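Here's the letter readout for the chains.
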Amino acid sequence: MSRIVTVSDVQEYFYTAVQKAIQKTRVEISQESQAYLVQLLCTFSRCEHAYAGVEYKQQPAIALLLQRAQEADAPEAMRTFKHVGDCCLYTAGLFEESLTRRGLTRTYYVGMGESAYYHLSALLSQKMSSTAGLYEQLSQEFSRLVHALHALAEQTNQPYIK
């Protein structure tokens, strides 16, 4: 008999995987950032969410998305900065080999992701949003978050992640 996988099952799986990766790497990230990582993994576990920040069937380069965000009005800029940060975090942490095949580096994606979350934080600060601090923290912890995701990918030893 097959079992239905629930949202809480997926969240629990990613929570446990993130905790193991953090313990393995001894990377120090805040509880809030850990929760964000778990939520990001849950969201991106559904492939249609990976391109939620762009038009249907559009896959522009991260640099072009970052430029678009910098030129957009505040609501569009916030949505695009978040998408860029999330995609950079997810891709640099879990798909480093695919970056290498495309001639890109983890460092490039870390820089883009840090910048995206930093700009999002600044926009949210202007709007006096309580989430501004989270994105500032994600910007500051970005490389450690990527390191934790990379360890998560290694520990799962899944060919689709590498």
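Given the structure is predicted, the values throughout are model-derived calculations rather than measurements. (Residues numbered from 1 in each chain as written. Predicted model: local features only at pLDDT ≥ 70, side-chain atom pairs only at ≥ 80, totals over all residues. Heavy atoms only, no water.)

> Give me the lowdown on the packing of helix α6 (residues 106-126) against helix α7 (residues 132-140), citing residues and values where you can.
At a minimum axis separation of 8 Å, α6 and α7 run at an interaxial angle of 160°. As summarised for this structure, α6 and α7 are arranged roughly antiparallel, according to the angle between their axes. Crossing angle aside, the handedness with which α6 passes α7 is left-handed. Contact residues: α6 offers E114, Y117, Y118, L120, S121, L124 and S125, while α7 offers A132, Y135, E136, L138 and S139. (Axes fitted to C-alpha atoms, helices over the stretch in contact; angles between N-to-C directions. Helix = DSSP H or I, 4+ residues; strand = E, 2+ residues; numbered from the N terminus. Parallel < 35°, antiparallel > 145°, perpendicular 65-115°, else oblique. Left-handed = near helix turned anticlockwise from the far one by under 90°. Contact = heavy atoms within 4.5 Å.)

> How would you explain the packing of helix α3 (residues 62-71) against helix α4 (residues 74-94) if you had to name every residue and give the values?
Between two packed helices, the angle of one axis relative to the other and the distance separating the axes together describe the packing. The interhelical angle for the contact between α3 and α4, taken along N-to-C directions, is 155°, at an axis separation of 8 Å. By the angle between their axes, α3 is roughly antiparallel relative to α4. The chirality of how α3 crosses α4 is left-handed. Residues I62, L65, L66, A69 and Q70 of α3 form the contact with α4, whose own contacting residues are A77, T80, F81, H83, V84, C87 and C88. Tallied by class, the residues present in the contact of α3 with α4 amount to nine nonpolar, three polar and no charged. (Nonpolar A, V, L, I, M, F, W, Y, C, P; charged D, E, K, R; others polar.)

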